[in-house]
Amino acid sequence: MSFTQELETSEELWDDIVFPPSDLLSDEPPLETDLHRLQMTLLITCLEWLWRERNDFYASGNLTIYYSPRQRKSEKFRGPDFFVVLGVERFPRQSWVVWEEDGKYPNVIVEILSPKTAATDRGLKKQLYQDVFRTPDYFWFDPNSLEFKGFHLVDGEYEELPLNQQGWLWSKQLGLYLGIYESKLRFFSAEGQLIPIPQEVAEQEQQKRVQAEQQLTEMESLLNRYRERFGELPD
């Protein structure tokens, strides 16, 4: 079966679904495992922290993207595990509705592989994101096997991205590397610095405070010993 036939068959199945008359809410199922949930949350949190001063992007995960050219609720929708849309106003959404967002599709998509979804993520979704979404950067990551690949759209077709010396892949859209760190997919700056989450920043600051207090205590101890032997320091 060709990709087009497979997609049409899938869409026919979706046509039978009847949605209640309401706003277009996300209709994605719960994430399969804690690893999926934690990985998705980690990517969103890292990017939102890094770009906390920016208001020109939208990042989300496991959220339905509706893209029906007929603006129908019951056809043509997908829910990437993580996606970023650039050049849009930053505010919470119940779903991503392409026809209500000036026709914008994600600039970057990351799918988190699982035994149930891996074949679709590598095949049907990759073709969809290439031919319909025209998403410039597409990545997939398996939190169990640590399989990690990325693709960039060139002349309408995905070309696999080469790994750098650290085993990272460059996202031109984000201006960041994606790479595996402590068995998780993380962002790195162009200079190779790990992009932290707020909790890590707080921990680093706490560690610096502890070190500064230790250094101060050591200096005071040295000063006290000096005073015991030689008296007060000269003016």
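Residues numbered from 1 in each chain as written. Predicted model: local features only at pLDDT ≥ 70, side-chain atom pairs only at ≥ 80, totals over all residues. Heavy atoms only, no water.

Focus on the pattern of salt bridges
How we decide: By salt bridge we mean one thing: a side-chain nitrogen of Lys or Arg within 4 Å of a carboxyl oxygen of Asp or Glu. Classification of residues uses two cut-offs on accessible area relative to the type maximum, computed with a 1.4 Å probe and protein chains only: under 20% is buried, over 50% is exposed, and between them is partly exposed. Segments assigned H or I by DSSP are reported as helices when at least four residues long, segments assigned E as strands when at least two residues long, and all are numbered from the N terminus.
For the coordinates displayed, the defined rule picks out eight salt bridges. The residue Glu-75 makes a salt bridge to Arg-72 at a minimum N-O spacing of 3.8 Å. Given the relative accessible area of 33%, Arg-72 is considered partly exposed. Between Glu-147 and Arg-122 there is a salt bridge, with its nearest N and O atoms 2.8 Å apart. A residue pair is termed long-range when its members are at least 10 positions apart, and Glu-147 in the loop between strand E7 (137-141) and strand E8 (148-154) and Arg-122 in helix H3 (residues 118-122) qualify at 25 residues. With relative accessibility at 35%, the residue Arg-122 sits in the partly exposed group.

Focus: the pairing of strand E9 (residues 157-160)
Operational definition: Here, any two strands with at least 2 DSSP bridges between them count as paired.
Looking at chain direction, E8 and E9 are connected through four bridges and run antiparallel. Counted as the bridge partner of Phe-151 is Glu-160 from E9. Linking two consecutive strands that pair antiparallel, namely E8 and E9, is a turn of two residues; a positive phi of about 50° is found at Asp-155 within it.

Remarks on the nonpolar core
Inclusion rule: The definition of a nonpolar core used throughout is a set of buried Ala, Val, Leu, Ile, Met, Phe, Trp, Tyr and Cys residues joined through side-chain atoms within 4.5 Å. Whether two residues are in contact is decided by their heavy atoms, any of which lying within 4.5 Å being enough.
Ranked by size, the top nonpolar core spans 27 residues in total, and within it Leu-47, Phe-82, Val-84, Phe-139 and Phe-187 carry the most contacts. Only helix H2 (34-50), strand E1 (57-60), strand E4 (82-86), strand E6 (108-112), E7, strand E11 (176-181) and strand E12 (184-188) provide two or more residues apiece to this core. The element contributing the most residues to this core is H2, with six residues. Filtering out sequence-adjacent residues up to four positions away, Leu-47 remains in contact with Ala-59, Phe-82, Val-84, Leu-176 and Phe-187. Counting residues in hydrophobic clusters, the runner-up holds 20 residues, among them Tyr-58, Val-98, Tyr-138 and Trp-140.

Points about the sheet that holds strand E5 (residues 96-97)
Two pairing modes exist for strands in a sheet, parallel and antiparallel, and in both the strands are linked by backbone hydrogen bonds. Overall, mixed pairing links the three strands, which are arranged E3-E2-E5 in an open sheet. Of all strands in the sheet, those bounded by a partner on one side alone are strand E3 (77-78) and E5. Of the strand pairs in this sheet, strand E2 (residues 65-66) and E5 are connected by two bridges, and their pairing is parallel. In the strand pairing of E5, Ile-65 is matched with Trp-96.

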